[in-house]
Amino acid sequence: MYRLIKQEGRAKRGEFTTVHGVIQTPVFMNVGTVAAIKGAVSTADLEQIGTQVELSNTYHLHVRPGDQIIKQMGGLHKFMSWNKPILTDSGGFQVFSLAGLRKIKEEGVTFRSHIDGHKIFMGPEESMQIQSNLGSTIAMAFDECAPSKADRMYVQNSVERTTRWLQRCQAEMKRLNSLEDTVNPHQLLFGINQGAIYEDIRIEHAKRIAEMDLDGYAVGGLAVGETHEEMYHILDEVVPYLPVNKPTYLMGVGTPANILEGVERGVDFFDCVYPTRNGRHGHLYTNHGKINLFNAKYELDSRPIEEGCGCPACQRYSRAYIRHLLKAKEMLGMRLCVLHNLYFYNTMMTEIRDALDAGRFAEYKKQKLDSMATPLE
């Protein structure tokens, strides 16, 4: 159940109630592809840094260790010792990213495992069954993420098939939630809007899926090659056609600036690998832009990554020490950097919610963007 608390322009402040707790929106979901955040970050760490939602990957967990094993272990929450909401994506993006190894038909998609090359078939029903075995709080519908610059006819046909797949996902989830041995009988389903950068296809698809009364709606197929301006334009055109009384999720986005622009356009949920991936390479987010700890100027820098930051890294360690760990290839260095970046993102979302509550989001957005564009190293 989504409750809209306040709006400032299109920017929304809300609460999304799930069986695993209330999600305060807008929210950034911390990406743990294989049921773990890369960089030796535990679920206890996630609690400490203010994570609300963890995101895991259906395809990767199906391949290893296997969704049946996770079901036998009591579901993903018990398996990874996390009692807050989990969103699982459908495997649809892997269909896109494994383009050279796939064959798409009406029934579903045949492709090969990136681990050992064995053939895998996944369609709407299979994706729902895997996600049901995982027992995630929110399951994503199975779709095709067409390339942003794909031919118009290809995109049109792909979107029509994605709509048919969504209908099959909805029917299969209803069946699975009714089974006696299902891990989470209250599993929620989000549909995904597609259409590349063709705004008319996007709008028509948004209208169609909005009629299906799903638990939430995602905008997929962005941040896959188009410009930021094209992405913002699609959001401007499409989000108004998605139900305002349901959460809107912009998949795979993005930078702090992307998130601020997305919130302004009515987006509630975000996820991205940037904070973890960049952290593992010593690239750290601060309120005055990104810094690279591999730079020699930090060799004798006794300051924390960012003055005033409450993350575990900044509370105890210096830039010089963390730089040393990274240079020595010690896992602790990556871990501290990832913790800092995720804390930065989670804290920024808290600030956004507070600004919306106070009716000053536009002011906050300008201040944040101006601050991040003004390095203080």
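For the structure, see preceding data.
Residues numbered from 1 in each chain as written. Predicted model: local features only at pLDDT ≥ 70, side-chain atom pairs only at ≥ 80, totals over all residues. Heavy atoms only, no water.

**Quick look at a nonpolar patch on the surface**
Piece 1. Taken together, the side chains of Ile-69, Met-73 and Phe-79 define a hydrophobic patch exposed on the protein surface, amounting to about 280 Å² of accessible area.
Piece 2. Within the secondary structure, Met-73 is located in the loop between helix H3 (67–72) and helix H4 (76–80). (Patch = residues over 30% accessible without salt bridge, like charges linked within 9 Å, V, L, I, M, F, W, Y side chains within 5 Å. Areas by Shrake-Rupley, 256 points an atom, 1.4 Å probe, with all protein chains shown as cover. Salt bridge = Lys/Arg side-chain N within 4 Å of Asp/Glu carboxyl O. Helix = DSSP H or I, 4+ residues; strand = E, 2+ residues; numbered from the N terminus.)

**Quick look at the environment of Lys-6**
Piece 1. Locating Lys-6 in the fold gives a position in strand E1 (residues 2–8).
Piece 2. Under the relative-accessibility criterion, Lys-6 is labelled partly exposed at 35%.
Piece 3. Taking the C-alpha atoms as reference, Lys-6 lies 8.6 Å from Gly-359; in sequence the two are 353 residues apart.
Piece 4. Ignoring anything within four residues of it in the chain, the contact list for Lys-6 reads Ala-11, Lys-12, Arg-13, Leu-356, Asp-357, Ala-358 and Gly-359. (Buried < 20%, exposed > 50% of the residue type's maximum accessible area, 1.4 Å probe, protein only. Contact = heavy atoms within 4.5 Å.)

**As for the pattern of salt bridges**
Piece 1. Within this structure, the stated rule accounts for 24 salt bridges.
Piece 2. For Glu-261, the salt bridge identified is with Arg-265, shortest N-O distance 2.7 Å. The two residues Glu-261 and Arg-265 agree in class, both being buried.
Piece 3. Measuring nitrogen to oxygen at the nearest pair gives 3.2 Å for the salt bridge that ties Asp-301 to Arg-319.

**Thoughts on the sheet that holds strand E9 (residues 119–122)**
Piece 1. Ordered in space as E7-E8-E9, the three strands form an open sheet in which the pairing is antiparallel. In the strand order of this sheet, the two ends are held by strand E7 (102–104) and E9, each with one partner. Taking each pair of neighbouring strands and ignoring which way they run, the sheet shows an average axis angle of 15 degrees.
Piece 2. Here E7 runs beside strand E8 (residues 109–112); their pairing, made up of three bridges, is antiparallel. Paired with Arg-102 across the two strands is Phe-111, which belongs to E8. (Pairing = 2+ DSSP bridges. Axes fitted to C-alpha atoms, helices over the stretch in contact; angles between N-to-C directions.)

**Comments concerning the state of the cysteines**
Piece 1. Per the counting criterion, the structure on display carries zero disulfides.
Piece 2. Residue Cys-272 stays outside any disulfide, its sulfur separated by 14 Å from that of Cys-145, the closest cysteine.
Piece 3. Assessed through its relative accessible area of 4%, Cys-272 is described here as buried. (Disulfide = S-S within 2.5 Å.)

**Points about the packing of aromatic side chains**
Piece 1. Scanning the model with the defined rule gives eleven aromatic pairs in all.
Piece 2. The interplanar angle of 55 degrees and the centroid separation of 4.7 Å between the aromatic rings of Phe-28 and Tyr-345 together place this pair among those described as tilted. Of the two residues, Phe-28 sits in strand E4 (residues 27–31) while Tyr-345 sits in helix H13 (residues 331–357), which places them 317 residues apart along the sequence.
Piece 3. Owing to a relative accessible area of 1%, Phe-28 belongs among the buried residues under this scheme. (Phe/Tyr/Trp six-rings, centres within 6.5 Å; stacked < 30°, edge-to-face > 60°.)

**Quick look at unusual backbone geometry**
Piece 1. With an omega of 10 degrees, the peptide bond between Arg-64 and Pro-65 qualifies as cis.
Piece 2. Relative to the elements of secondary structure, Pro-65 occurs in the loop between helix H2 (58–63) and H3.
Piece 3. Note that the residue after Val-253, namely Gly-254, is joined by a cis bond; omega there is 5 degrees.
Piece 4. Inspection of the secondary structure assignment puts Gly-254 in the loop between strand E13 (248–250) and helix H10 (256–264).
Piece 5. At Asp-213, a position not held by glycine, the phi torsion is positive, near 55 degrees.
Piece 6. Within the secondary structure, Asp-213 is located in the loop between helix H8 (199–210) and strand E12 (216–219).

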